[in-house]
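Each chain, letter by letter, is given below.
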Amino acid sequence: MSFSAIFLVLFASVLCQSEMSVLDEGCTPKMSFKIAGGVPASRSESPWMTAIYNRLKIFLCGGTLITKNYVLTAAHCIIDQTALYVRLGVKDTFCFKGQCLDSNWNDVVKATIHYDFDPTTMLNDIGVLILKKEVKFNARIWPICIMLDDKINSSGFMTYSAFGWGSTHPNNTESSPILNSITLERKNTWHCLEMDEVWEFSDKLICAGNIKGDTCKGDSGGPLVVYGKYFGKQVAVQAGIVSYGSPSCNKNGAYTDVMAYKDWIRAKTQPTTHIQELLYKECGSSWTGGIDVLHFEVFVMNRNFTGSLITDRFVITVASAFLNHPKVIKVRSIYFRSFNVEAVFKHPQFGLSSLENNIALLKLAERVPISNFISTICLDLNMNSRKSLTAILYSNQERVLGAQKVLFDKISSIECSEMIQEPLQPSQFCVKKPCCGFKFHLPGSVLGTYETINNDKKFLLLGMINFIKNDVIVVTDVTSYNNWIRTTVL
């Protein structure tokens, strides 16, 4: 990376909190985000940077951590490589032994390049790496934000920050051991068409440069970054990937427009298929003929809360139902059979003020006899995405008979925070209250989705009502707690 007296500039006029939806909520900084003036870049300002190495552990390119399992980079960096490794949390790639204790090596189990990448034109120069070990985020390692909103594109961003270990002088073929940064300005396409070395240009590329410097050999795969607010915190958002540029490293470069590939990134990092792991294999909540029933639902007696049987011994509900630690707790099925509760397991991080981690498990004193009149809701312990949201509800209107499937539209996290006038926690999401007299208001009532499992259509638990405010239903995302549920129940 070639530079001269360069300063990073925060650019937040286009990004605004009400419009952001990100690939991984973990990209919110764990500390106050500070941008140092000038270069080199510190690890605290670029915790998402990864160094990519070949099978001999020779440095190839930069990349960015985008989730706990995925790194984003340029396709030309990883094509035809037989083995790859990434290094996270490192600033100096040549640091002496004992000085890089907090850096993290990780094997790459799969490298995927865009199906339309053409090395002769350098179009669609984007790829992802799947890591062998899930990354544990800390103060020096967390992901960069990838925006998923369809209505936001790169055209509104004019100033970028680029990061990389590339050469600091065009005549130097060696990469820099120190991570550097540079501020670049967006240019008209014709500026890149005038480069000494140019491939085909497209609307999925960003042309950017700086008369005092540019990205250079070895910076490939690294990010173009813009900055904005997300829940009141400064975050880094990836706008581009270093693809190619002028050999002189002092004019303009071509950068893959990450925002033009958001659907491809989402598809590669959030696969739609997964191996199901039902918590209780005999689960089910419908009668013969596909009639939907609420036989999994139980009521916490003497309290205005509800819950759901997830096994023949455990009920899931909200922790806020048990603030005063009663000595005797009972639950009652919809057919008025009652069961004593032996133990209450509230989530250890339950917060009363924000109702964060508002989830609890009740262990019953005896096993529930599963029958046509009392059953369990299905819980897939491997489900980690929110699909269509459905509730089985009864209506106050006489003309609506029996339980009905009611679909819900999810409200964006930012819009929900504005409507309820308080921050939304990462393990919460929001839906609008149902119309037409449908009753859906008790904390602990569930939202789910239908899936066919072994030729049997089942209703799977996704979330439960946490609280309601300003006609917005705030839901505890049960899928965020699958590991805790597994550990507690099994």
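The shown structure was predicted, so the numbers you read here are calculated from the model rather than taken from an experiment.

*Asks:* Pulling in residues and values, what's your account of the overall build of the chain?
*Replies:* The number of helices and strands found in the chain is five helices and 25 strands. Put simply, the chain has 490 residues, and 54% of those count as buried. Look at the contacts in the chain between residues 6 or more apart in sequence, and 70% of them connect residues 24 or more apart. When the accessible surface of the chain is summed, it comes to about 22,000 Å², and 50% of that surface belongs to carbon and sulfur atoms.

*Asks:* Can you explain the sheet that holds strand 5 (residues 104-113)? Please cite residues and give values.
*Replies:* Within a sheet, neighbouring strands are paired by backbone hydrogen bonds and run either parallel or antiparallel to one another. One closed barrel accounts for six strands, arranged 1-2-3-6-5-4; its pairing is antiparallel. On average, adjacent strands in this sheet sit at an angle of 40° to one another, irrespective of strand direction. Where strand 2 (residues 59-65) meets strand 3 (residues 70-73), two bridges bridge the pair, whose relative direction is antiparallel. Opposite threonine 64, over in strand 3, you have leucine 72 as the bridge partner.

*Asks:* With reference to specific residues and values, describe the state of the cysteines.
*Replies:* For the structure shown, the criterion picks out four disulfides. Between cysteine 416 and cysteine 430 runs a disulfide, and the two sulfur atoms are separated by 1.9 Å. Disulfide cysteine 416-cysteine 430: torsion about the S-S bond near -55°, hence left-handed. Here cysteine 416, found in helix 4 (residues 413-420), pairs with cysteine 430, found in strand 22 (residues 428-432); they are 14 residues apart in sequence, far enough to count as distant. In this pair, the class of cysteine 416 matches that of cysteine 430, namely buried.

*Asks:* With reference to specific residues and values, describe the packing of aromatic side chains.
*Replies:* Inspection of every chain in the model, using the stated rule, returns eight aromatic pairs. Between tyrosine 53 and tryptophan 105, the ring centres sit 4.8 Å apart and the planes meet at 50°, which makes this aromatic pair tilted. Of this pair, tyrosine 53 sits in strand 1 (residues 49-53) while tryptophan 105 sits in strand 5, and the two are 52 residues apart along the sequence. These aromatic residues form a ring-pair network of at least three members: Tyr53, Phe59, Trp105 and Trp165. Residue placement shows lysine 68 over the ring face of phenylalanine 137; its charged tip is 5.8 Å from the ring centre. Lysine 405 extends its terminal NZ or CZ atom over the ring of tyrosine 450, reaching a point 4.6 Å from the ring centre.

*Asks:* Help me get a handle on the pattern of salt bridges, residues and values and all.
*Replies:* The tally for this structure, following the rule as stated, stands at seven salt bridges. Between aspartate 312 and arginine 367 there is a salt bridge; the shortest N-O distance is 3.1 Å. Highlighted residues: aspartate 312 in the loop between strand 14 (305-309) and strand 15 (314-317) and arginine 367 in the loop between strand 18 (360-364) and strand 19 (389-393), separated in sequence by 55 residues. Look at aspartate 312 and you get buried, because its relative accessible area is 14%. Residue lysine 363 pairs with glutamate 342 through a salt bridge whose shortest N-O separation is 3.8 Å.

*Asks:* How would you explain the environment of valine 406 if you had to name every residue and give the values?
*Replies:* Relative to the elements of secondary structure, valine 406 occurs in strand 20 (residues 404-408). Between the C-alpha atoms of valine 406 and proline 434, which are 28 residues apart in sequence, the distance is 7.9 Å. Beyond its immediate chain neighbours, meaning those up to four positions away, valine 406 contacts Leu389, Thr390, Ala391, Leu393, Pro434 and Phe438.

*Asks:* Please provide a residue-by-residue account of unusual backbone geometry, values included.
*Replies:* The phi torsion at methionine 122 lies on the positive side, around 65°, for a residue other than glycine. Inspection of the secondary structure puts methionine 122 in the loop between strand 5 and strand 6 (127-131). Even without glycine at this site, aspartate 471 takes up a positive phi of about 65°.

*Asks:* Hey, could you go over helix 5 (residues 482-489) for me, with residue numbers and the actual values?
*Replies:* Every buried residue belonging to helix 5 is among Asn482, Trp484, Ile485 and Val489, and all of these are buried. Here the buried residues of helix 5 occupy an arc of 160° about the axis, which is enough to place them on one side. Turned more than 90 degrees off the buried face of helix 5, the exposed positions are Asn483 and Thr487. Among the structural elements, strand 15, strand 17 (338-346) and strand 18 are those in contact with the buried residues of helix 5.

*Asks:* I'd like a rundown of the sheet that holds strand 17, residues and numbers included.
*Replies:* Taken together, six strands build a closed barrel; the order of strands is 13-14-15-18-17-16 and the barrel is antiparallel. In this sheet, adjacent strand axes meet at a mean angle of 40° when their direction is disregarded. As paired elements, strand 13 (residues 297-300) and strand 14 share four bridges and run antiparallel to each other. Directly across from valine 300, in strand 14, lies its bridge partner phenylalanine 305. Packing against the sheet, helix 5 makes contact with strand 15, strand 17 and strand 18, and its axis sits at approximately 20° to strand 18.

Rules of the game
- In this convention, every chain numbers its residues from 1, walking through the sequence in written order.
- Under the rules for a predicted model, residues below a pLDDT of 70 receive no local features and side-chain atom pairs below 80 are neither given nor counted, while totals for whole chains, interfaces and linings still include all residues.
- Each side-chain value is derived from all of the structure's non-hydrogen atoms; neither hydrogens nor water enter the calculation.
- A run of H or I in DSSP counts as a helix once it spans at least four residues, and a run of E counts as a strand once it spans at least two, with each numbered from the N terminus.
- Here's how the labels work: a residue is buried when its accessible area is under 20% of the maximum for its type, exposed when over 50%, partly exposed in between, all with a 1.4 Å probe on protein chains only.
- Residue contacts are defined here by distance: any two heavy atoms, one from each residue, within 4.5 Å place the two residues in contact.
- Note that accessible areas follow from Shrake-Rupley with a 1.4 Å probe, and for residues the cover is restricted to the protein chains shown.
- We treat two strands as partners when DSSP finds at least two bridges between them.
- Interaxial angles span 0 to 180 degrees and are taken between N-to-C directions of axes, which are lines fitted to C-alpha atoms, for helices over the stretch in contact.
- Whenever a pair of cysteine sulfur atoms sits within 2.5 Å, that pair is classed as a disulfide.
- Pairing of aromatic rings covers Phe, Tyr and Trp, the last through its six-membered ring, and needs centres within 6.5 Å; plane angles under 30 degrees mean stacked, over 60 mean edge-to-face, and all others mean tilted.
- Charge-over-ring placement is defined geometrically: NZ (Lys) or CZ (Arg) within 6 Å of the ring centre, and within 35 degrees of the ring normal.
- Basic side-chain nitrogens of Lys or Arg form a salt bridge, by our definition, when they fall within 4 Å of a carboxyl oxygen of Asp or Glu.
- Arc, as used here, means the arc of the directions from the helix axis to the C-beta atoms.

Keep in mind these numbers describe shape, not what the thing actually does.
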